[in-house]
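Below are the chains, spelled out letter by letter.
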Amino acid sequence: MTRWPKSYPLAFIIALLALVPVGVLIGLASDTAELFDAHNLKVLTNTLLLMILTVLGSVLIGVPLALITAYVQVRWRKLWLVILAAPLAMPSYIGAFTLYAAFGPGGEIDNLLGIPTPSINGLAGATLVMTLYSYPFVMLTTRASLLSLDTSLVNAARTLGMSLAACLWRVVLPRAVTGIAAGASLVALYTLSDFGTPAIMRLDTFTRVIFVEYNAFGLSQAAMLSLQLLVIVGLVLFLESRVKGNQEKPGRHLSLWPDGWQKALMFLLITPVTLLAIALPLLVFGVWLVREGTGGFDFSYAWNSTHASLLAALFAVILAIPVALAAIAGRAGRWMERVTYLGFGVPGIVMGTALVYIGLQLPFLYQTLGLLVIAYVLRFLPLAVGSVRSTAEGLDPSLVKAARLLGASPREAFQRVTLPLTLRGMVAGAALVFLEAMRELPATLMLGPTGFETLATYLWRVYEAGYFGRAAIPGLILVLMSALGLALMLSGERRAEFDVTEDRHH
């Protein structure tokens, strides 16, 4: 009889907990008779259009930038990579907030420069904002695929007379389709889950309408809309899983040396993106900061965000350890791990809807910090699991065997060998959970205790009240904290690139 690893029971319980929100939504939605009325169809159309247009825009921007940062030899290449990835350091709802305030009659550009600009709202405005803040997903995943390609086929095609543009289009990009698809699926999921941008741009998507229904005490209708949104999320994940790429060993790295007009063309591509996504929002925050100072901002809001996020990071890492060890131990453990990943695919507004109902059934949890932390943990647990697992997989199993041979019990071997050696992955996972929890808006709005204001919810309140100038301090703090998360991501990307380079040398 096969003996199950000791981590399996705990991992199984954690996987079941990850399924609870979906089960709650199904039970709630069963009380709703209407599945697709005229309004629901309009919401579905808006959501799908926003997703499709954002994915197209992100691919059109992200793939050329991936080619530039992977292959083109220019000065300060690493700096350009950081600048082009920088939109990930700004939550999209902050970008939507500042761009909405900057453009249009009476906007900041009109007030300060006297230059009339069109308003940014509706489907066009939401698409612009979501594209500006999600194209780096496509850029980074495509760049990782490009760096792993053997470019000998490109050299052969050039020898046979094919132009460079044709080589990139017909030889390079088809072999990077897995990276493009991975980035596109991340963009689609990010667009589907985002609440702040459609709400600020006044576009009725699932996330905005779910929040409206929740505020109108229509939990059953909110649950039905949430399940419809989850079906779309599942479809995106299924389509991404069907994309198969070529597996090949890394070879010689392709290097392109641009001439003057090519450099100018790249500059024309990069400048509008960075100006709109990074420079303009920071300038708007700077104007507001000079105009209104701290604007009555209470720094306890920053402590509330930090406190809740730290608790979420701590509990997420504790729960991630048995799940990661179970995933390494066998196939059943890998299925348990995949179930926990469901939480990351569930938009915050959907998680909030499910947990609000649970809170109503369990009054000791309703509108408590504990319920908010549970939402954060269920949503961002996969970040901790992935970090712990990737570190644990790199351990030499002979170390644990040696400890057992020397008389250590399984618990002692874990505490004295496995735990210290996976500490780096735990810290990285905790940092990612902390930063994502700091940025989370819809779940915090729905589940936060009465009077419990965080940086994200304070931003939302001042937007609703029209006191835009008061958003400077919390907005800049959130951008700074998000920049730390971006630094973690890029440091991992640089390590991966270094490993690829080392493999080529060997």
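Above this note sits the structure.
So, a few notes on the structure that sits alongside this text. (Residues numbered from 1 in each chain as written. Predicted model: local features only at pLDDT ≥ 70, side-chain atom pairs only at ≥ 80, totals over all residues. Heavy atoms only, no water.)

**Remarks on the overall build of the protein chain**
Within the protein chain one finds 24 helices and zero strands. Expressed as a percentage of its 506 residues, the buried residues of the protein chain come to 52%. Across the protein chain, every contact between residues at least 6 apart in sequence was considered, and the portion connecting residues at least 24 apart equals 82%. Here the protein chain displays about 23,800 Å² of accessible surface, and carbon together with sulfur accounts for 67% of that area. (Helix = DSSP H or I, 4+ residues; strand = E, 2+ residues; numbered from the N terminus. Buried < 20%, exposed > 50% of the residue type's maximum accessible area, 1.4 Å probe, protein only. Contact = heavy atoms within 4.5 Å. Areas by Shrake-Rupley, 256 points an atom, 1.4 Å probe, with all protein chains shown as cover.)

**Some remarks on the pattern of salt bridges**
Throughout the structure, instances matching the rule amount to five salt bridges. A salt bridge links R291 to E108; the nearest nitrogen and oxygen atoms lie 2.9 Å apart. Residue R291 is found in helix 13 (residues 260-292), and its partner E108 is found in helix 5 (residues 108-113); the two are separated by 183 residues along the sequence. R291 sits in the partly exposed class, given a relative accessible area of 45%. Note on E108: relative accessible area 10%, which makes it buried. D204 is paired through a salt bridge with R208; the nearest N and O atoms lie 3.1 Å apart. (Salt bridge = Lys/Arg side-chain N within 4 Å of Asp/Glu carboxyl O.)

**Some points on unusual backbone geometry**
The backbone of R202 shows a phi angle near 60°, a positive value even though the residue is not glycine. Residue position: R202 is located in the loop between helix 10 (196-200) and helix 11 (206-215). When its relative accessible area of 49% is taken as the criterion, R202 is described as partly exposed. Even without being glycine, Q367 reaches a positive phi, approximately 55°. Tracing the backbone through its elements, the reader meets Q367 in the loop between helix 17 (348-361) and helix 18 (369-393). Here Q367 falls in the partly exposed class, since its relative accessible area comes to 33%.

**Section: the nonpolar core**
Core analysis: the largest hydrophobic core is formed by 154 residues, its most contacted members being M139 and L146. At 13 residues, the largest contribution of residues to this core is made by helix 18. (Core = buried A, V, L, I, M, F, W, Y, C linked by side-chain atoms within 4.5 Å.)

**Here we look at the packing of aromatic side chains**
Scanning the model with the defined rule gives 18 aromatic pairs in all. Taken together, a centroid distance of 6.3 Å and an interplanar angle of 35° make the contact between F211 and Y214 tilted. Of this pair, F211 and Y214 both sit in helix 11, three residues apart, which is roughly one turn of the helix. Residues F285 and W288 carry aromatic rings whose centres are separated by 5.9 Å and whose planes lie at 70° to one another, so their mutual orientation is edge-to-face. Highlighted residues: F285 and W288, both in helix 13, separated by three residues, approximately one helical turn. Members of the aromatic cluster, joined through ring pairs, are F97, Y100, F195, F211, Y214, F285, W288, W460, Y463 and F468. Lying over the aromatic face of W335, R338 brings its terminal NZ or CZ to 5.0 Å of the ring centre. The residue whose ring lies beneath R470 is Y467, and the NZ or CZ to ring-centre distance is 4.7 Å. (Phe/Tyr/Trp six-rings, centres within 6.5 Å; stacked < 30°, edge-to-face > 60°. Lys NZ or Arg CZ within 6 Å of the ring centre and 35° of its normal.)

**Points about the packing of helix 1 (residues 7-29) against helix 15 (residues 331-340)**
Running from N to C, helix 1 and helix 15 cross one another at 30°; their axes reach a closest spacing of 8 Å. One finds that helix 1 runs roughly parallel with respect to helix 15. As helix 1 packs across helix 15, the resulting crossing turns out to be left-handed. Contacts between helix 1 and helix 15 pair Y8, A11, F12, I14, A15, A18 and L19 from the former with R331, A332, G333, M336, V339 and T340 from the latter. Looking at the contact of helix 1 with helix 15 residue by residue, the class counts come to 10 nonpolar, two polar and one charged. (Axes fitted to C-alpha atoms, helices over the stretch in contact; angles between N-to-C directions. Parallel < 35°, antiparallel > 145°, perpendicular 65-115°, else oblique. Left-handed = near helix turned anticlockwise from the far one by under 90°. Nonpolar A, V, L, I, M, F, W, Y, C, P; charged D, E, K, R; others polar.)

**Concerning the side chain of R389**
By the element assignment, R389 lies in helix 18. Note on R389: relative accessible area 19%, which makes it buried. In this view, R389 contacts A324, A327, I328, R334 and E337; residues no more than four positions away in its chain are not counted.

**Notes on a nonpolar patch on the surface**
A cluster of nonpolar side chains, namely L10, F12, I13, L16, L17, L19, V20 and L342, defines an oily patch on the protein surface of about 670 Å² accessible area. A per-element tally of the nonpolar patch places helix 1 first, with seven residues. (Patch = residues over 30% accessible without salt bridge, like charges linked within 9 Å, V, L, I, M, F, W, Y side chains within 5 Å.)

**Remarks on the side chain of R379**
For R379, the position within the fold is in helix 18. At 2.8 Å, the side chain of R379 forms a polar contact with the side chain of E440. When near neighbours in sequence (up to four residues on either side) are disregarded, R379 contacts G343, F344, V346, P347, G348, M351 and E440. (Polar contact = N/O pair within 3.5 Å; in protein donor to acceptor, adjacent residues only side chain to side chain.)

**Concerning helix 21 (residues 423-439)**
Residues spaced three or four apart along an α-helix point in a common direction, a consequence of the helix completing one turn every 3.6 residues. With 17 residues, helix 21 should reach 24 Å at 1.5 Å per residue; the first-to-last C-alpha distance of 25 Å fits that figure. Restricting attention to buried positions, one finds in helix 21 the residues G425, M426, G429, A430, V433, F434, L435, A437, M438 and R439. (Expected span 1.5 Å × (residues − 1).)

**Overview of the packing of helix 12 (residues 219-241) against helix 17**
Where helix 12 contacts helix 17, the axes come no closer than 9 Å and their chain directions differ by 140°. Crossing hand, helix 12 versus helix 17: left-handed. Counting all contacts with helix 12, which are made through L219, A222, A223, S226, L229 and L230, the residues of helix 17 involved are V350, T353, V356, Y357 and L360. Here the residues of the contact of helix 12 with helix 17 are counted per class, giving nine nonpolar, two polar and no charged.

**Quick look at the environment of M139**
In this fold, M139 is placed in helix 6 (residues 122-147). Taking the relative accessible area as the measure of exposure, M139 reaches 0% and is therefore buried. Along the primary structure M139 and L65 are separated by 74 residues, whereas in three dimensions their C-alpha atoms are 6.1 Å apart. When near neighbours in sequence (up to four residues on either side) are disregarded, M139 contacts G62, L65, A66, L81, L84 and A85.

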